[in-house]
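Close look at the chain arrangement
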Amino acid sequence: MVVFDIPFESVGPGLWLLQKNEFEYGEFCSRDDALECALEEARRIEAANAASDIVLNIEGNDGVWRAFDTSIRPYATRVHHV
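Residues numbered from 1 in each chain as written. Predicted model: local features only at pLDDT ≥ 70, side-chain atom pairs only at ≥ 80, totals over all residues. Heavy atoms only, no water.

**Some words on a negative patch on the surface**
We count it as follows: Like-charged residues are merged into a patch within 9 Å and nonpolar side chains (Val, Leu, Ile, Met, Phe, Trp, Tyr) within 5 Å, provided each residue has over 30% relative accessible area and no salt bridge. Note on areas: these come from Shrake-Rupley sampling with a 1.4 Å probe, and a residue is covered only by the protein chains present in the view. What makes a salt bridge here is a side-chain nitrogen of Lys or Arg within 4 Å of a carboxyl oxygen of Asp or Glu, nothing more. As used throughout, the charge tally considers Lys and Arg to be positive and Asp and Glu to be negative, leaving His and the chain termini uncounted. Charged side chains are reduced to one point each, which is NZ for Lys, CZ for Arg, CG for Asp and CD for Glu. Helix numbers and strand numbers start at the N terminus; a helix is a DSSP run of H or I with at least 4 residues, a strand a run of E with at least 2. Burial classes follow relative accessibility: with a 1.4 Å probe on protein chains only, a residue under 20% of its type's maximum area counts as buried, one over 50% as exposed, and anything between as partly exposed.
Residues Asp-32, Asp-33, Glu-36 and Glu-40 make up a contiguous surface patch of negative charge. Here Asp-32 lies in helix 1 (residues 31-48). A relative accessible area of 60% places Asp-32 in the exposed class.

**Here we look at unusual backbone geometry**
You will see that Asn-21, though not glycine, has its phi angle at about 50 degrees, which is positive. For Asn-21, the location among the structural elements is in the loop between strand 2 (16-20) and strand 3 (23-28). On the basis of relative accessibility, which here comes to 33%, the residue Asn-21 falls in the partly exposed class. With phi around 60 degrees, Ile-72 is a residue other than glycine that occupies positive phi space. Mapped onto the elements of the fold, Ile-72 is located in the segment after strand 5 (65-68).

**Observations concerning the pattern of salt bridges**
Following the criterion strictly, the structure yields 3 salt bridges and no others. Notably, a salt bridge pairs Lys-20 with Glu-41, separated by 3.2 Å at the nearest N-O pair. Pair noted here: Lys-20 is in strand 2 and Glu-41 is in helix 1, with a separation of 21 residues, a long-range link. Given the relative accessible area of 10%, Glu-41 is considered buried. Residue Glu-41 is joined to Arg-44 by a salt bridge in which the shortest nitrogen-to-oxygen separation is 2.7 Å. Here Glu-41 and its partner Arg-44 are both found in helix 1, 3 residues apart, which amounts to about one turn of the helix. By sharing partners, the salt bridges in this structure join Lys-20, Glu-41 and Arg-44 into a single network.

Structure (structure tokens):
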């Protein structure tokens, strides 16, 4: 599973951190730029390995973290059939 975290608040004036699996992945001038980068990387991973579970954790202005898939729909765990 690959998890991207996109916070609502900046860590400093005009500085948003993007994390991938709890490690810093990049620094961006806006939250939108961080989200765009996360989406591009997530879709690249999906294209290379369709079985990858990818979650975009996005913090709302209410402080609640919500999980989304690469279509920006609420994340639902994939059901794997044998």
